[in-house]
Structures are given as C-alpha cells and as structure tokens.
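The residues making up each chain are set out below.
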Amino acid sequence: QVQLVESGGGLVQAGGSLRLSCAASGRTFSTYAMGWFRRTPGKEREFVAGIRRGGNTYYADSVKGRFTISRDNAKNTVYLQMNSLKPEDTAVYYCAARDGYYSGTYYYTNQYPYWGQGTQVTVSS
C-alpha cells in the first residue's frame, strides 16, 4: 500500500510559478512510476506529466515547455515545477503512483492504483 500526500498548491497570478510536492510512504518509492494529473469542474482528470522509475519524463502537450516533473528517491518525493502559469491551468492537481518495473508510458487514470487527495492550484488573470 502506498500513501501519497500533495502540497504546494495555492493562488498565483498568470505568468507566475508554483512547485507542487508529493510525498510517498513506503520503502520502494524508487521502483514506482509517478504521474501528475489535474481535474477542473465538470471534466475528467487529465494527464499532466509522468516520470519513470529511471527518471525519464513525458508531458501533456498543453504543459510541455512550462512544467517539469522530477523525483528525489532519497526523500520519497516527486515534484511538479510549474512556470508561466495560465488561468486554464487552474485545477485540482493529483499525484499518482504505480508499479514501474516495466518502462511504459502511463497516460490514463486507470493505470495508477494509488492516488493522493489533491491540491488546489488557482491562476488568476
């Protein structure tokens, strides 16, 4: 069982930056593939960014070049650095974890069995 706790959300003006953190429990964090998703009212959760156990990263087109996902296995933490924020980035952001033994690309919510509770990000115009 993995427990995930996000932090770092808040209110920021358009063009600003935020860094989200997701702390994971358990001794095997380094073997997990991690992802960030977001949800806006009335919409399904959408993929934002992913990082494989080996550190390779991949992004949704909407955030490519603005967001950076990274991980610190010593701290059992994954980060999402968000720069050049836009009002359309306003959402609840969730981190997610799955077994990362197979080096895949995981874009869908049903590919992740473990989820955090979410953290609100609001970008004002």
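Everything here concerns the structure above.
This report concerns the structure included in the present document. (Residues numbered from 1 in each chain as written. Predicted model: local features only at pLDDT ≥ 70, side-chain atom pairs only at ≥ 80, totals over all residues. Heavy atoms only, no water.)

Structural notes on the side chain of Arg52
Phase 1: With respect to the helices and strands, the residue Arg52 is situated in the loop between β5 (46-51) and β6 (57-59).
Phase 2: We note that Arg52 is buried and unpaired, the nearest opposite charge coming from Asp99 at a distance of 12 Å.
Phase 3: Here the side chain of Arg52 touches Gly104 through a polar contact of 2.9 Å, landing on its backbone oxygen.
Phase 4: Excluding its chain neighbours within four sequence positions, the residues that come into contact with Arg52 are Tyr32, Tyr58, Arg71, Ser103, Gly104 and Thr105. (Helix = DSSP H or I, 4+ residues; strand = E, 2+ residues; numbered from the N terminus. Buried < 20%, exposed > 50% of the residue type's maximum accessible area, 1.4 Å probe, protein only. Lys, Arg positive; Asp, Glu negative; His and termini not counted. Salt bridge = Lys/Arg side-chain N within 4 Å of Asp/Glu carboxyl O. Polar contact = N/O pair within 3.5 Å; in protein donor to acceptor, adjacent residues only side chain to side chain. Contact = heavy atoms within 4.5 Å.)

Comments concerning the state of the cysteines
Disulfide: a covalent bond connecting the sulfur atoms of a pair of cysteines.
Phase 1: Counted under the stated rule, the structure contains one disulfide.
Phase 2: Across a sulfur-sulfur distance of 1.9 Å, Cys22 and Cys95 are joined as a disulfide pair. With the S-S dihedral at roughly 40°, the linkage between Cys22 and Cys95 falls on the right-handed side. Note that Cys22 is positioned in strand β3 (residues 18-24) and Cys95 in strand β9 (residues 91-99), a separation of 73 residues in sequence. For the residue pair Cys22 and Cys95, the accessibility class agrees, reading buried in each case. (Disulfide = S-S within 2.5 Å.)

A short note on unusual backbone geometry
Phase 1: Unlike most non-glycine residues, Asn76 shows phi in positive territory, near 55°.
Phase 2: Its place among the elements puts Asn76 in the loop between β7 (67-72) and β8 (77-82).

Description of the pattern of salt bridges
Where charged atoms from two side chains of opposite charge approach closely, those side chains can pair.
Phase 1: The final tally for this structure, using the stated rule, is four salt bridges.
Phase 2: The salt bridge partner of Lys64 is Asp61, with a shortest N-O separation of 3.1 Å.
Phase 3: Where Arg66 meets Asp89, a salt bridge forms, and the shortest distance between an N and an O atom there is 2.7 Å. Taken together, the positions of Arg66 in the loop between β6 and β7 and Asp89 in the loop between β8 and β9 put the pair 23 residues apart, joining distant regions of the chain.
Phase 4: Judged by relative accessible area, Asp89 falls into the buried class, the value being 1%.
Phase 5: Look at the salt bridges and you will find they share partners, linking Arg38, Glu46, Arg66 and Asp89 into a network.

Topic: the pairing of β5
Phase 1: Taken across its six residues, β5 has five buried, putting it largely inside the fold.
Phase 2: Here strand β4 (residues 32-39) folds back onto β5, and the loop between the two strands holds six residues, one of which, Gly42, carries a positive phi near 85°.
Phase 3: Pairing of β5 with β6 involves three bridges; the strand directions are antiparallel. Following the sheet pairing, Ala49 is matched in β6 by Tyr59. (Pairing = 2+ DSSP bridges.)

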